[in-house]
Amino acid sequence: MNRKEDLGFMEQRRFREILEKLHRELHDTTSVDEKTKQLLQEVESDIQYILHESEGEETRAHHTLNDRLKQAVGRLETTNPDLTETMRRVMNTLSNMGI
């Protein structure tokens, strides 16, 4: 494995760890309106797909997840700052991956 592959592997592993953290935080989130709850369920679905189906490949789900996270951050920024910080970390990682 060359250095570029090592970096890619490390980035993918870090991305998976952040997604798993976001997954846990989503399950702990309460007191959101119905529209936000639906959006968070869609984010959760995207996370599950990426973690279990895409095997590290860049997929349409990565782009969809990024778009939904942007929407969720806008809705939750003031009420759930810890959750939105994790969402931003996922978005930054996606950006660093060129997505």
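Below or above, wherever it landed, is the structure these notes cover. (Residues numbered from 1 in each chain as written. Predicted model: local features only at pLDDT ≥ 70, side-chain atom pairs only at ≥ 80, totals over all residues. Heavy atoms only, no water.)

1. Considerations on the pattern of salt bridges
For step 1, the next point in the chain: For the structure shown, the criterion picks out four salt bridges.
For step 2, the next point in the chain: Residues Arg-68 and Glu-42 are paired through a salt bridge, measuring 3.5 Å at the closest nitrogen-oxygen approach. Linking Arg-68 in helix H3 (residues 60-76) with Glu-42 in helix H2 (residues 34-52), this pair joins segments that are 26 residues apart in sequence.
For step 3, the next point in the chain: By relative accessible area, which is 23% here, Arg-68 ends up partly exposed.
For step 4, the next point in the chain: Members of the salt-bridge network, linked through shared partners, are Glu-42, Asp-46 and Arg-68. (Salt bridge = Lys/Arg side-chain N within 4 Å of Asp/Glu carboxyl O. Helix = DSSP H or I, 4+ residues; strand = E, 2+ residues; numbered from the N terminus. Buried < 20%, exposed > 50% of the residue type's maximum accessible area, 1.4 Å probe, protein only.)

2. Quick look at the packing of H3 against helix H4 (residues 81-96)
For step 1, the next point in the chain: One can describe the packing of H3 onto H4 by two numbers: an axis separation of 9 Å at closest approach and a directional angle of 150°. Considering the angle they form, H3 stands roughly antiparallel to H4. Considering the relative orientation of H3 and H4, their crossing is left-handed. On H4, the residues that touch His-62, Leu-65, Asn-66, Leu-69, Lys-70, Ala-72, Val-73 and Leu-76 of H3 are Pro-81, Leu-83, Thr-84, Met-87, Arg-88, Val-90, Met-91 and Leu-94.
For step 2, the next point in the chain: Split into classes, the residues belonging to the contact of H3 with H4 amount to 11 nonpolar, three polar and two charged. (Axes fitted to C-alpha atoms, helices over the stretch in contact; angles between N-to-C directions. Parallel < 35°, antiparallel > 145°, perpendicular 65-115°, else oblique. Left-handed = near helix turned anticlockwise from the far one by under 90°. Contact = heavy atoms within 4.5 Å. Nonpolar A, V, L, I, M, F, W, Y, C, P; charged D, E, K, R; others polar.)

Bear in mind that shape data such as this cannot, by itself, settle questions of function.
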